[in-house]
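For reference, the chains in residue letters:
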Amino acid sequence: MGVSRICEAMGAGVWEGDNNSHVGSWEIMYYIKQKYTAIRGDDITVRSYKVESRITSRFSHTIVRSSVVNSGSTPQSIAFNVQIPKRAFITNFTMNVNGITFVGSVKEKAVARNLYAQARARNKAAGIIRTNSQDMETFKTEVHVPSGSNIEFELHYQEMMHRKLNLYEHTLHLQPGRLVPQLQVDVYIFEPQGIATVKASNTFGAQFADLIKAHIVFKPTVQQQKQCENCTESAVEGVITVLYDVNRDSNAGELQVSDGHFVYFFAPSNLSPLPKNIVFVIDVSGSMWGVKMKQTVQAMKAILDDLTIDDYFSIVDFNHNVRCWSEGLVPGSSIQIADAKRYIENIKPNGGTNINEALLRAVQMLVRASNHRVIDPRSVSMIILVSDGDPTVGEIKLSAIQKNVKRVMREEFSLFSLGIGFDVDYDFLERIAMENRGMAQRIYANHDAAEQLRAFYSQVSSPLLRKITVQFQADSVAEVTQNHFDKFFSGSELVVAGKVLPSESNTLTSLTTGSAVSARLDIILETDADTTELDAELAKQQHSFTGFARQMWAYLTIKQLISERSLATTAVKKRKITQRIMTLAVEHQFVTPFTALLVESGDATERLLADSPKDPKHGCCSGAWQTAPPPWVMSTPAPSMGEVLEVSNQLSASLPVDNDPHFIIHLPRSNMDICFNIDSKPGHILNLLSDSGTGVTVNGQLIGSKKVNKRTYFGTIGIYYQPDGISVIVSTDEITMTDGRNNHSFTWGSTAEIRQDGISIVKNSNVIITINNSTQVMVLLHRVWKKHPVNVDFLGIYIPNENQYSPLVHGLIGQFSIEPEVILYDIHKGADPLKKEATMEVKGNKLLVTRGWQKDYRRDKKRGSNVYCWFIHNSGKGFIDGHYSQYIVPNLSSFLHMP
């Protein structure tokens, strides 16, 4: 189980011109949980900032517009930021700079990248980065323009409203950062059945309480925007939230037909909840220690209080062992609940993580209760897993755990997964939940984690129906989205969409069936809709979104295809699903993980590429380093010199301990791996790769452990590309790219992709820097327990043999781009019979070498994989050119100058 950490991310792409340009530089990025301002610049005038949302039948189309002037006397960068819901798809972005218009269009990612490459000018770049947040991410555009420039921005995004706890929620973030003469928000809601309740609120303060009117408009004057009467700072910094629900028949669905498509909404009420059987499976490994465990216990106590005498439950807690509060399910009586609370209050987190055995034990409980008729056959049985990391004990292969659980789970059981923080493989939790009729949710490990846990439980605590199916008349519809649902929970809504086939009839009929507890009868509900009526009504509405049904069908279909892709078992199936997603996304102009927003000038000579970000950890669509890696030249952490061949398998939290910078050089022709340490001091910067011919240099700065004269580690890696003056600095805290004018930084919790000129940065669980498609560097972060008395966080770096260099390349690693001739002989037992020794001839030197093994952490950051190698003593003396001290350079952008 990994050490928990709060992760944030940001993504950026930049298009830049010179200071005399009438267009300028700009970037697009996604990030979350960052302090941000909608319009950023030192001396600028924001003429207007307007937001308009049109919500029609639970589907929203939001447009954000702003007009800005560079009022300063010098060129400067002006940023335009918009926080949008994570579930939304960006559909367009346009920008006008001094009369030059840039228009966006969504294309398949490969097509967009090719077009971008054709028109990419020097000092222009693009990219997207997402930071981890609960509900929102940020779209950002930055423009470098001369004095007096006028810029207009316009962003479009679409989203389906999801009903939770009886309400739909539409959230708009407003942080203009300054006083705006024309600041206005308009939200128009049109629901054919009528609106039952609507409430709008803001977090700006009491002074704005009366400014939200009926159709939902927020339009404060400049004076009202001020923090105080004589202030120049804006008080508009927060969120406008619109909550509403619609009129509906108590047990009937709502069928709407528009623009050749239908949408069916099903949210019955006045049904008695089905009894439920829950096994809570709680991770109590060492990484849950502290706030995470405290908040989990706090949430569990509230959840237990919600159980009724008709509910059955038990608790399984696990670290390297698996324990059960009760070996069987027990009713939710006050006595049992009080005992369960005492049990969880006394849990002391420690040890590893045995997810496989814990889940199998939970399934066994449900099977046993079902077989012995302890539980009602019409009740709902579920497992709720709460974990913050990957398995480290027992079965640790995620695909094997997934298969094991699916094999024993019965059709009537569901699994819900809650992943706390970002050390957990959320992609795995999502797959295993979806495959077993449940869903997953990430819990953000902050001050309100307990509330997040309770809120999730509230959504699944009142099951009303089982086995729901929505059907339509034969030959009346096509390409229908998911229409079979395992459960319906109180306060939610089931949505089905599809295409309506041509017919002589003007009526479309749906038939919904499901099992309820009331009278122990199945329900059958029939709903009719006129296929022409709604379009006529929409034509009368000035502010309705007339294409809602078509876009909602595409939105639902794409979301479901992305989920199906994550469960696909073969590459062929994945490719077919991916192609289907791309076709739909391009047709309906959605930026997805497989499409990109290409923004270009009218003459197509200037282009910016914006890819959709990926979710950590892993996520549905990350493609980097998924294939078998090539042979590598690499530098990874290792024990101190005296212990190099006795690397301990023990872990401190998720990381190996007692590590000094240690190099593993793979020699392909000799089919041999060579290891050596560099015994240098904290603060020294070692040159790893220096190629003055291509203008690339890679350096690593050493840091020390918390105790003097212990061990050293790589704490910072610097990559510098001299032709464009671009440097990338990777530390244990963040990754920063700078070209001398603009800085782009993001944390290790990010999932990001940045391109600028010939450099790209891809950040998933590691960081991969690529220069001109010829040189790659991978950097891994290893976290240690913050309170460890000795060890500190450190970096590992990997450089592939396939990199292309000039004949001038050198450095501790770069020198081995030309493989030296190595002869190994006289292999014999050493002083330690477990460690063979041999004589090695290399570069005219005879060296005594020792056989052992070292760790490669590319595929498994926690345990690593063994690489057997011959160890060179005395800081690589005789194997590297010269003495190691000759590789010490003054700064992270220095090139090596060997005498």
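Treat the numbers as computed from the prediction; the structure is a model and nothing was measured. (Residues numbered from 1 in each chain as written. Predicted model: local features only at pLDDT ≥ 70, side-chain atom pairs only at ≥ 80, totals over all residues. Heavy atoms only, no water.)

Q: I'd like to hear about unusual backbone geometry, residue by residue, with values.
A: For Leu165, which is not glycine, the phi torsion reads 55° and is therefore positive. Of note, Leu165 is situated in the loop between strand S11 (150-160) and strand S12 (168-174). Leu165 sits in the partly exposed class, given a relative accessible area of 45%. The backbone of Gln589 sits at a positive phi, close to 60°, despite the residue not being glycine. (Helix = DSSP H or I, 4+ residues; strand = E, 2+ residues; numbered from the N terminus. Buried < 20%, exposed > 50% of the residue type's maximum accessible area, 1.4 Å probe, protein only.)

Q: Provide a residue-level description of the sheet that holds strand S26 (residues 463-472), including the pertinent values.
A: An order of S28-S26-S30-S31 is seen for the four strands of this open sheet, with the pairing classed as antiparallel. Of all the strands in the sheet, just strand S28 (484-489) and strand S31 (522-530) have a single pairing partner and so form its edges. Along the sheet, successive strands turn relative to each other by an average axial angle of 30°, direction set aside. In terms of strand pairing, strand S30 (residues 507-515) meets S31 through nine bridges, oriented antiparallel. Bridge pairing links Gly514 to Ile523 in S31. (Pairing = 2+ DSSP bridges. Axes fitted to C-alpha atoms, helices over the stretch in contact; angles between N-to-C directions.)

Q: Hey, could you go over helix H10 (residues 548-567) for me, with residue numbers and the actual values?
A: With 20 residues, H10 extends 29 Å from end C-alpha to end C-alpha; this agrees with the ideal 28 Å at 1.5 Å per step. In terms of burial, H10 is largely enclosed, as 15 of its 20 residues are buried. (Expected span 1.5 Å × (residues − 1).)

Q: Before we move on, could you go through the packing of aromatic side chains and cite the residues and values that matter?
A: Taken as a whole and judged by the stated rule, the model has 18 aromatic pairs. Judged by centre distance (6.0 Å) and plane angle (20°), the ring pair of Phe59 and Phe545 falls under stacked. Taken as a pair, Phe59 in strand S5 (residues 59-70) and Phe545 in the loop between helix H9 (533-540) and H10 lie far apart in primary sequence, 486 residues in all. Note on Phe59: relative accessible area 0%, which makes it buried. Classification of Phe545 as buried rests on a relative accessible area of 13%. For the pair Phe280 and Tyr457, a centre-to-centre distance of 6.5 Å together with 50° between the ring planes defines the contact as tilted. Taken together, the residues span a long stretch of sequence, with Phe280 in strand S19 (residues 276-283) and Tyr457 in helix H8 (residues 449-460) at a distance of 177 residues. (Phe/Tyr/Trp six-rings, centres within 6.5 Å; stacked < 30°, edge-to-face > 60°.)

Q: Requested: an account of the side chain of Ser510, with residues and values cited.
A: As for its position among the elements, Ser510 is in strand S30. You can call Ser510 buried: its relative accessible area is 1%. Once residues lying within four places of it in the same chain are set aside, the contact partners of Ser510 are Leu255, Tyr264, Val470, Gln471, Phe472, Leu525, Glu526 and Thr527. (Contact = heavy atoms within 4.5 Å.)

Q: Talk me through the packing of helix H7 (residues 426-434) against H10; I want residue IDs and the actual numbers.
A: Relative to each other, H7 and H10 sit at 100°, their axes nearing to 10 Å. What the angle tells us is that H7 and H10 run roughly perpendicular. Contacts from Asp427, Arg431 and Met434 of H7 reach H10 at Ser563, Ser566 and Leu567. Across the contact of H7 with H10, the residue classes break down as two nonpolar, two polar and two charged. (Parallel < 35°, antiparallel > 145°, perpendicular 65-115°, else oblique. Nonpolar A, V, L, I, M, F, W, Y, C, P; charged D, E, K, R; others polar.)

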